[in-house]
Number of protein chains: 2
Amino acid sequence: MDPKNRLNEDETKVNSNIERVRSRPFRLLEDRVTLAHGAGGKSSAALVEQVFFDAYGNDLLAQGGDSAVVSAAELIDAHGSKIAMSTDSYVVNPIEFPGGNIGELAINGTVNDLSVAGAIPKLISVAFILEEGLEFETLRRIVASMREAADKAGVTIATGDTKVVPKGTGDKVYITTAGIGVIPPERELGFEQVQQGDKIIVSGPIADHGMAVMMARGDLAIEAPIESDTRSVNDLVEALIKTADVRWMRDATRGGLATSMNEMARATGKAVVLEDSKIPVRDMTRGACDILGIDPLYVANEGTFAAVVSADSADAAVAALHAAGAEGACVMGRVEDEPAASVVLVTGFGGTRMVDMLVGDPLPRIC
Amino acid sequence: MDPKNRLNEDETKVNSNIERVRSRPFRLLEDRVTLAHGAGGKSSAALVEQVFFDAYGNDLLAQGGDSAVVSAAELIDAHGSKIAMSTDSYVVNPIEFPGGNIGELAINGTVNDLSVAGAIPKLISVAFILEEGLEFETLRRIVASMREAADKAGVTIATGDTKVVPKGTGDKVYITTAGIGVIPPERELGFEQVQQGDKIIVSGPIADHGMAVMMARGDLAIEAPIESDTRSVNDLVEALIKTADVRWMRDATRGGLATSMNEMARATGKAVVLEDSKIPVRDMTRGACDILGIDPLYVANEGTFAAVVSADSADAAVAALHAAGAEGACVMGRVEDEPAASVVLVTGFGGTRMVDMLVGDPLPRIC
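Within an unreviewed UniProt entry, the label attached to chain A reads Hydrogenase isoenzymes formation protein HypE, and the organism entered is Corynebacterium kalinowskii.

K.L.:
Report on the sheet that holds strand β10 (residues 271-275) of chain A, specifying residues and quantitative values.
P.N.:
Residue and element names in this part refer to chain A. Spatially, the seven strands line up as an open sheet ordered β9-β11-β8-β12-β10-β13-β14, and their pairing is mixed. The open sheet has two edge strands with one neighbour each: β9 (246-251) and β14 (352-354). On average, adjacent strands in this sheet sit at an angle of 25 degrees to one another, irrespective of strand direction. Pairing geometry for strand β8 (residues 199-202) and strand β12 (residues 330-336), over four bridges, is antiparallel. Paired with I201 across the bridge in β12 is V331.

K.L.:
Help me get a handle on the nonpolar core, residues and values and all.
P.N.:
Counting residues in hydrophobic clusters, the biggest one holds 82 residues, and the most contacted among them are F128, L139 and M261 of chain A. Examining the composition of this core, we find that eight residues originate from one element, helix α7 (residues 136-153) of chain A, more than from any other. Among the domains, domain 1 (3-183) and domain 2 (191-354) of chain A are the pair contributing at least three residues each to this core. Leave out the neighbours within four places in its chain, and M261 of chain A touches I200, W248, V272, L274, A306, M332 and V343 of chain A. F52, A150, A207 and L257 of chain B belong to the second largest nonpolar core, which has 77 residues in total.

K.L.:
Now, about the interface of chain B and chain A: what can you tell me, with residues and values included?
P.N.:
Contacts between chain B and chain A engage 85 residues on the former and 86 residues on the latter. Summed over both sides, the interface between chain B and chain A buries roughly 6700 Å², with carbon and sulfur atoms accounting for 58% of that surface. On the chain B side of the contact with chain A, M85, R254 and R266 of chain B bury the most area, a combined 13% of that side's loss. Here chain B is connected to chain A by eight salt bridges. Take the side of chain B that touches chain A: its biggest share by element is eight residues, from strand β2 (residues 82-90) of chain B. Broken down by class, the residue content of the side of chain B that touches chain A amounts to 41 nonpolar, 23 polar and 21 charged. The pairing of strand β1 (residues 67-71) of chain A with β2 of chain B spans five bridges and is classified as antiparallel.

Calculation rules
Residues numbered from 1 in each chain as written. Chains lettered and ligands numbered in written order. Predicted model: local features only at pLDDT ≥ 70, side-chain atom pairs only at ≥ 80, totals over all residues. Heavy atoms only, no water. Pairing = 2+ DSSP bridges. Helix = DSSP H or I, 4+ residues; strand = E, 2+ residues; numbered from the N terminus. Axes fitted to C-alpha atoms, helices over the stretch in contact; angles between N-to-C directions. Core = buried A, V, L, I, M, F, W, Y, C linked by side-chain atoms within 4.5 Å. Buried < 20%, exposed > 50% of the residue type's maximum accessible area, 1.4 Å probe, protein only. Domains from an automatic or database assignment. Contact = heavy atoms within 4.5 Å. Buried area = accessible area lost by both parts, 1.4 Å probe. Salt bridge = Lys/Arg side-chain N within 4 Å of Asp/Glu carboxyl O. Nonpolar A, V, L, I, M, F, W, Y, C, P; charged D, E, K, R; others polar.

Here you go:
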């Protein structure tokens, strides 16, 4: 799918706008962000044209103005579709870490929020809050990886905004993305679809993102080559939906798998029973968690999701995820009626313990 | 229009979700924001339920999950419609100022960006970056005025996010909104519609917002009771479109009227000729600008827009704006072919001067 072609409304008009902008460029005279770059004048125009337009450049952005405009019929191709909208701010520290950076996180995170709602992500907006003094070289790296992440997920960066805050009132760069996706007519996902006996699948090993970010901060006594799991999951979700009776999905970001499972238990009133031995955690990640006394169930993921599927489609669901590249996908638990509205972990010795929601914040600014 | 009813998909389901959430509330134990409120666990849930849900509470938010889902057919009621998407971050300092606060600014700003694209605003997302230590009392005031602004504009706050950053890496609260609007089939607005001879209308007095924020900072040697013009303009825009041949519109925010007029001149290649004596500026605002040596043409507005209309519909356009409550609306200029791609100000003595885009930033963090 080439989103540029799909969303292009009037190629001639757009190309002439691009030509006009390119023929009379505003120049970026500095090597780092100043307050003037957020003021809306010539410096802002230079930043937009030389950094953002240069990397994202597509027909929607070339329209100019503060809104992206697309034909509804091109966006929504089937009668009876639904539209999904999602937003997230990203304040991760550090902004670059093994396996990713704040930019691809901001694209993947919103793509994934739409995907687990059953939506096919289409358009994404990006809003930057830059701290005065940020080097353009760093910003360009982040922006380039956003474009790459958007292309991989098949979404168009449709519109954006940039503000600059004085040194000491931000932290290099914060990014907020919002996304629009389209849910095809036949899809019915939601808490109310979840039934006793359903199986719970996880798409891969957990806790890598949070631990990778912790390691990257460099203020721990240990070092381990752990990489963030940041990725868009819309291809995995599509493979899953084509194969299995999917009831509900959720990406296990802030608060980790424990929190998303508690949200489901709370919303459905049912019991989420997880098998401790089935929950995949890489050895390196588990080791780091052990040393730091952090339960991997509470550590943020950025490319790993949980799905509830009918019991009889669970094997096919796992096979479909494996075939789509999610090698670590497996059944990790099931839905029961009792104990109501609770998450229970069955441990290796046949014992059980209740898994509560995260209290406090062991890992601040992880996403 | 009651957006709650229009977008309600399944009232029974939604009400039972609301009941469930209300019957088992998470409690907010602190009087100010802590890092735990951004961690995704119990404290985050308490913040969302006790502050945001309490103020915004509607059927879309009650769906739970990270995406709002609406029926495409309910959102887009006519074949041939277009969808507009817009986003803006708000970092204004101080967060409360005469005439408004950062919250209503964040709603009105995105509503207005959609409106001037010819779109009827429908859904809005809100993402908060809160600084550790912000008092909930302040946050509640901001959130309440966001709900009020959304209701006034007829948009639904569909989804949101909250992050918390440590003290010293933010400034109380930053808000990013994104919006979706629907452009009815017959509307064709854009730079390419602008013609030689068209009239340029301004919807009211300029420069109030920027000067009100400057005054509120209290670090100027003067005081003046100037109020921000923050408001949603979608009602004015609809009145205008119903009456006049509108070619193009733009709200004159960051960089002021001078910048939006330069953007038009640059995009169309035409000359924007403004009559200095016609551009409305309140006496108090002009006085403050004079004392500070700031040109009101470069000061941000948050509820004032410029519109290009056909010459023969200009009088009707102004009358329609007056009737809709924009008492200060008037014709302030016209579109000419020469000097190409330039903004010219005709001064009181019959002289002219070129009006360039803003260079530098006389008023940082104004929106």
